[in-house]
Amino acid sequence: MKNILVSIDFNKGEDLLIGKAVELANKFHSKIWLIHIAAPQPDFVGYGVGPKYIRDGRASELKKEHKTLQAYANKLIDKGIEAEGLLVQGATIEMIIEESKKLHIDLIIAGHQEHNFIYKAFVGSVSAALIKNSKIPILIVPIE
């Protein structure tokens, strides 16, 4: 197992997911790829880009997310684990699977937390969709 991809959504549980990846990376001398899928560009979903303050706000948010990913990766590197952070825009499931293929990922680690019926009806479950669509083994970690 050379490459492990950890899907991070910045809601909570990042430390738990990264911890599981570290356990495996130490045993198999694997590289850890931390990935966060940001919402797609507004044009992609059929909306205009909008005023400059909206574009600036979005750019600021993406910079903050990228900086956080890099901080996580740097902590892993400081522990002697090869790691990189990736910030990708697009549809979550499709981008995780696409990047997994590009990076020759051997294992995907994702979190799962319970949501109410309304959330499931409109948003769905990332972990369930990954299991359904991925040909790469997936480790689902419960997040409370």
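Because the structure is predicted, anything quoted here is derived from the model rather than measured.

1. Structural notes on the overall build of the protein
(1) Moving on: On a plain count of helices and strands, the protein comes out with five helices and five strands.
(2) Moving on: Written out in order from the N terminus, the α and β elements of the protein read β-α-β-α-β-α-β-α-α-β.
(3) Moving on: Burial analysis of the protein (144 residues in total) assigns 37% to the buried set.
(4) Moving on: Long-range pairs, those at least 24 residues apart, make up 77% of the contacts in the protein between residues at least 6 apart in sequence.
(5) Moving on: Taken as a whole, the protein presents about 8,900 Å² of accessible surface, with 57% of it coming from carbon and sulfur.

2. Side note on the confidence of the model for the protein
(1) Moving on: Summarising the model, the protein shows a mean pLDDT of 84, and 82% of its residues fall at 70 or more.
(2) Moving on: Here helix H4 (residues 117-122) is the element of the protein with the lowest mean pLDDT, 46, and strand E1 (residues 3-7) is the one with the highest, 96.

3. Here's the deal with the sheet that holds strand E5 (residues 138-142)
(1) Moving on: Sheet architecture is open: five strands sit in the order E3-E2-E1-E4-E5, paired in parallel fashion. Each edge of the open sheet is held by one strand with a lone partner, namely strand E3 (83-89) and E5. If you compare each strand with its neighbour and ignore which way they point, the axes differ by 25 degrees on average.

4. So, the nonpolar core
Generally speaking, soluble globular proteins have nonpolar side chains that are buried together.
(1) Moving on: Grouped together as the largest cluster of nonpolar side chains are 20 residues, with contacts concentrated most on Val6, Ile8, Ile18, Ile32, Leu34, Leu76 and Ile109.
(2) Moving on: Among the secondary structure elements, those contributing two or more residues to this core are E1, helix H1 (14-28), strand E2 (31-38), helix H2 (52-78) and strand E4 (107-112).
(3) Moving on: At five residues, H1 tops the list of elements feeding residues into this core.
(4) Moving on: Setting aside its immediate chain neighbours within four residues, Ile8 contacts Glu14, Ile18, Leu34, Ile35, His36, Ile37, Leu69 and Tyr72.

5. Topic: the environment of Gly80
(1) Moving on: Take Gly80: it is sitting in the loop between H2 and E3.
(2) Moving on: A relative accessible area of 67% places Gly80 in the exposed class.
(3) Moving on: Note: C-alpha distance between Gly80 and Asn26 (54 residues apart in sequence) is 9.2 Å.

6. Overview of the pattern of salt bridges
(1) Moving on: Scanning the model with the defined rule gives five salt bridges in all.
(2) Moving on: A salt bridge links Lys31 to Glu82, with the nearest nitrogen and oxygen atoms 3.7 Å apart. With a gap of 51 residues between them, Lys31 in strand E2 and Glu82 in the loop between H2 and E3 connect regions that are remote in the sequence.
(3) Moving on: With a shortest N-O distance of 2.6 Å, Glu84 and Lys31 are connected by a salt bridge. Pair noted here: Glu84 is in strand E3 and Lys31 is in strand E2, with a separation of 53 residues, a long-range link.
(4) Moving on: Taking the relative accessible area as the measure of exposure, Lys31 reaches 11% and is therefore buried.
(5) Moving on: Taken together, the salt bridges that share partners define one network made up of Lys31, Glu82 and Glu84.

7. Observations concerning the packing of helix H3 (residues 92-102) against helix H5 (residues 126-133)
(1) Moving on: Where H3 meets H5, the axes come as close as 10 Å, and the angle between the chain directions of the two elements is 45 degrees. The angle between H3 and H5 places the two elements in the oblique class. H3 and H5 meet at a crossing whose hand is right-handed. Contact with H3, carried on its side by Thr92, Ile93, Ile96 and Ile97, involves Val126, Ala129, Leu130 and Asn133 of H5 and no other residues of that element.
(2) Moving on: The class makeup of the residues in the contact of H3 with H5 is six nonpolar, two polar and no charged.

Calculation rules
Residues numbered from 1 in each chain as written. Predicted model: local features only at pLDDT ≥ 70, side-chain atom pairs only at ≥ 80, totals over all residues. Heavy atoms only, no water. Helix = DSSP H or I, 4+ residues; strand = E, 2+ residues; numbered from the N terminus. Buried < 20%, exposed > 50% of the residue type's maximum accessible area, 1.4 Å probe, protein only. Contact = heavy atoms within 4.5 Å. Areas by Shrake-Rupley, 256 points an atom, 1.4 Å probe, with all protein chains shown as cover. pLDDT = per-residue confidence, 0-100. Pairing = 2+ DSSP bridges. Axes fitted to C-alpha atoms, helices over the stretch in contact; angles between N-to-C directions. Core = buried A, V, L, I, M, F, W, Y, C linked by side-chain atoms within 4.5 Å. Salt bridge = Lys/Arg side-chain N within 4 Å of Asp/Glu carboxyl O. Parallel < 35°, antiparallel > 145°, perpendicular 65-115°, else oblique. Left-handed = near helix turned anticlockwise from the far one by under 90°. Nonpolar A, V, L, I, M, F, W, Y, C, P; charged D, E, K, R; others polar.

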